[in-house]
Amino acid sequence: MKKFALYKLAISNLRRKMVRSILLLLLATIVSGTLLGATIFITGMKNALNIGTYRLGADVLVVPSENEAQARSALLAGKPTSFYMNSSVLEKIKEVEGVEIASPQLFIEPSSFTCCYSVDLFLIAIDPVTDFTVRPWLKNNQHQSLQGNQIIAGRSLPIMTESVIPFFGTLFTVVGTMEPTGMNFFDQSIFMTMDAAYAMAENSITKSMQPLKLEKGIISAVMVKTDGVINPDRVATRIMYALDGVKAIASDEVISTVRKQLSGLLTGIMTVSMVLWAMALFMIGFAFYMIVNERQRELGMLRAMGAKRQHIFLLIVFEAVIITFSGGLAGLGVGFGMLFALQEKIQQSLQLPYILPPPAVVRELVAASLIFSICTGLLSSLIPASLASRLEPYEAIRKGE
Amino acid sequence: MIQTINLCKSYRISGQVIKAADRVNISISTGELVAIIGHSGSGKTTLLSLLGGLTKPDSGQVLIEDLNLWSMNDSRLAQLRNKRFGFIYQFASLIPTLTALENLYLPTAFGKGYDDLKNRAMDLLQKVGMNDKADFYPSQLSGGQQRRVSIARAFINNPEIILADEPTGDLDEETEAEIIDLFKTMNQERGTTFIIVTHNKSIAQQAQRNFSMRDGDLQEN
Ligand SMILES: Nc1ncnc2c1ncn2[C@@H]1O[C@H](COP(=O)(O)OP(=O)(O)O)[C@@H](O)[C@H]1O
Ligand SMILES: [Mg+2]
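Just so it is clear, the structure is predicted and the values come from calculations on it, not from any experiment.

Some remarks on the interface of chain B and chain A
If you look at the interface, chain B gives 37 residues, while chain A gives 27 residues. Arg309 of chain A is the partner of Asp74 of chain B in a salt bridge, and the nearest nitrogen-oxygen pair spans 4.0 Å. Joining chain B to chain A, the criterion identifies 14 residue pairs in polar contact (both at pLDDT 80 or more). Put simply, the parts of the chain that give the side of chain B that touches chain A at least two residues each are strand S1 (2-13), helix H1 (44-51), helix H2 (74-84) and helix H3 (100-105) of chain B. Considering every element that reaches the side of chain B that touches chain A, the biggest residue donor is H2 of chain B, with 6 residues. For the side of chain B that touches chain A, a count of residues per class yields 17 nonpolar, 12 polar and 8 charged.

Some details on the packing of aromatic side chains
Within the structure shown, the criterion is met by 11 aromatic pairs over all chains. With centroids separated by 6.3 Å and ring planes inclined at 10 degrees, the aromatic side chains of Phe282 of chain A and Phe286 of chain A adopt a geometry described as stacked. In this pair, Phe282 of chain A and Phe286 of chain A are both assigned in helix H8 (residues 251-294), 4 residues apart and thus about one turn of the helix distant. Members of the aromatic cluster, connected to one another through ring pairs, are Phe85, Phe87, Tyr89 and Phe91 of chain B. A cation over an aromatic ring shows up here: Lys133 of chain B above the ring of Phe136 of chain B, its NZ or CZ 5.6 Å from the ring centre.

Concerning the site of ligand 1
The full set close to ligand 1 counts 15 residues, and Tyr394 of chain A together with Gly41, Lys44, Thr45 and Thr46 of chain B are the nearest of them. Taken together, the residues near ligand 1 originate from chains A and B. A distance of 3.1 Å separates an oxygen atom of ligand 1 from a polar atom in the backbone of Gly43 of chain B. With respect to ligand 1, the backbone of Lys44 of chain B contributes an N or O atom lying 2.9 Å from an oxygen atom. Bound to the protein, ligand 1 loses 80% of the 550 Å² it would expose on its own. Elements represented by at least two residues in the shell around ligand 1 include exactly helix H12 (393-399) of chain A together with S1, strand S2 (16-28) and H1 of chain B. Grouping the constituent residues of the shell around ligand 1 by class yields 5 nonpolar, 7 polar and 3 charged.

What counts as what
Residues numbered from 1 in each chain as written. Chains lettered and ligands numbered in written order. Predicted model: local features only at pLDDT ≥ 70, side-chain atom pairs only at ≥ 80, totals over all residues. Heavy atoms only, no water. Contact = heavy atoms within 4.5 Å. Salt bridge = Lys/Arg side-chain N within 4 Å of Asp/Glu carboxyl O. Polar contact = N/O pair within 3.5 Å; in protein donor to acceptor, adjacent residues only side chain to side chain. Helix = DSSP H or I, 4+ residues; strand = E, 2+ residues; numbered from the N terminus. Nonpolar A, V, L, I, M, F, W, Y, C, P; charged D, E, K, R; others polar. Phe/Tyr/Trp six-rings, centres within 6.5 Å; stacked < 30°, edge-to-face > 60°. Lys NZ or Arg CZ within 6 Å of the ring centre and 35° of its normal. Near = heavy atom within 4 Å. Areas by Shrake-Rupley, 256 points an atom, 1.4 Å probe, with all protein chains shown as cover.

Quick look at the structure:
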């Protein structure tokens with residue numbers, strides 16, 4: 001060691017008033033954690049909405065009315081789910097004015113037997129003849145109609161073309177993969193024909209440990225393309241008027257309802273976080289103002305030892321930044337803790353799966369949060385530090401008496 | 001050599017002007033050990049602070065060799081304090097959360113530092129008889145021991161001038177005598193200039209020159 005490092009003095013000063021330092025640290029931790037949690041939550045929500053249904057390709061989605069929430073979860077986050085209704089609804093929907101194409105889909109939640117996939121995998125049966133939502137995503141548009149036990153794999157699934165995969169005791173051959181859609185609902189799905197799905201269910205009774213109970217002729221949802229004359233909202237209303245027990249969701253509406261529910265919440269969270277932050281800024285600033293006051297004599301003596309104004313300024317800023325940065329680090333734990341603790345509540349109250357933004361974004365937010373915590377320290381100690389640096393050494397030593 | 005020319009400093013306290021330094025002219029050569037005595041409130045501390053560049057005079061000059069202290073900017077003045085002055089106070093001045101040794105290191109935070117910092121500090125602690133207490137915290141030391149450490153600290157950058165403000169004011173007579181002996185040794189061995197403010201007549205008698213202060217007016221005895 002060649003010379004004494006100033007940061008050591010800063011640390012030793014913090015140790016001197018342990019209780020106060022810990023209280024300030026707790027404050028910084030809570031604020032930093034709340035801000036991080038809120039930002040990740042909000043980014044995640046926006047993300048979820050953006051990649052949501054408008055890319056689904058259907059103008060209206062028809063599901064059993066009691067399964068609306070599940071349908072939204074599936075669409076927004078690709079949360080595997082299954083619910084069923086009779087396929088007779090399909091014919092009725094086709095007759096509703098404004099409907100151009102109506103194509104059925106069947107959602108099957110595969111049981112845990114499927115080996116090797118860590119992702120949530122979702123089985124979707126489609127009608128290759130009427131389908132218009134999956135087709136645009138097929139690679140190279142090489143859409144030969146699916147036949148027999150052929151399947152198409154979503155982009156996020158680590159599955160190679162021509163591999164053979166068993167589902168419920170039936171072997172399927174992968175004949176193609178999808179383009180990335182940005183929707184978990186599609187990217188994590190395996191697509192097969194309705195007929196293959198019914199056959200698979202039938203075979204599962206004898207071939208599978210966990211038979212799939214699926215009556216022939218049932219479907220989960222109907223994807224509707226409107227004729228472009230009547231707007232999707234109106235078509236949805238007409239469908240619900242014509243049919244009992246179904247919920248028709250216009251795809252715009254999926255987003256807008258969620259948005260409405262969320263925007264209040266998000267502004268609330270943001271406001272509370274910002275107020276909290278401003279308060280912390282003020283409190284830390286005030287604490288350091290007092291610290292500077294009570295340490296005047298010592299600061300004066302440091303000046304007498306040869307400390308320049310910058311040294312004094314740095315010393316105070318160091319102390320504040322050490323506290324807020326440590327708070328930022330501890331806040332990572334608090335932030336993620338809050339997110340996971342609240343996840344369930346959010347799911348229940350919003351009927352929306354909670355979605356973290358992609359890892360790269362989370363990493364950026366974490367880095368930003370740490371930088372932000374440093375800035376908090378800088379900002380809050382700016383005034384006290386500059387006051388301290390401007391004390392006249394003799395006055396400071398004398399006033400400290 | 002440190003020298004003042006018509007140094008003035010006054011304070012206004014509830015409408016009344018108090019002259020803490022009233023046209024002080026003093027010239028102290030390198031290696032001298034001088035004492036300043038005077039009643040409380042006569043301006044001794046103010047004068048030491050003026051000499052050490054801790055407060056700006058209303059008028060007049062402080063010259064170190066031929067360098068006018070207040071012609072320098074804050075940064076250079078701070079450097080000068082760091083290298084050429086050592087201050088010893090009349091109160092406990094060690095940082096309580098640093099050990100004796102670390103307290104000695106402290107002034108090096110503001111300078112270039114030394115390759116042999118530890119040896120340098122330990123030598124000084126030995127000089128003041130505190131080398132076996134290097135890792136003690138101030139609270140584990142007696143008042144006299146703490147004062148010794150702060151004296152050693154004043155020497156860490158090997159200053160030319162030591163400004164001591166009633167350095168033994170709160171110590172018992174025996175310790176006081178030891179500390180004065182220490183000053184004399186340092187003065188003789190290193191040729192350090194000592195300017196000591198004191199109430200103690202016997203210290204004053206041991207000094208090479210003697211000044212007394214009265215209402216900001218300094219006279220040599
Ligand atoms: N910073 C100051 N503000 C106001 N008055 C001061 C200040 N410093 C010194 N004084 C006044 O100047 C006079 C001399 O003070 P000081 O130099 O501390 O004397 P001494 O050290 O001899 O006791 C006193 O009357 C004191 O009240
Ligand atoms: Mg005094």
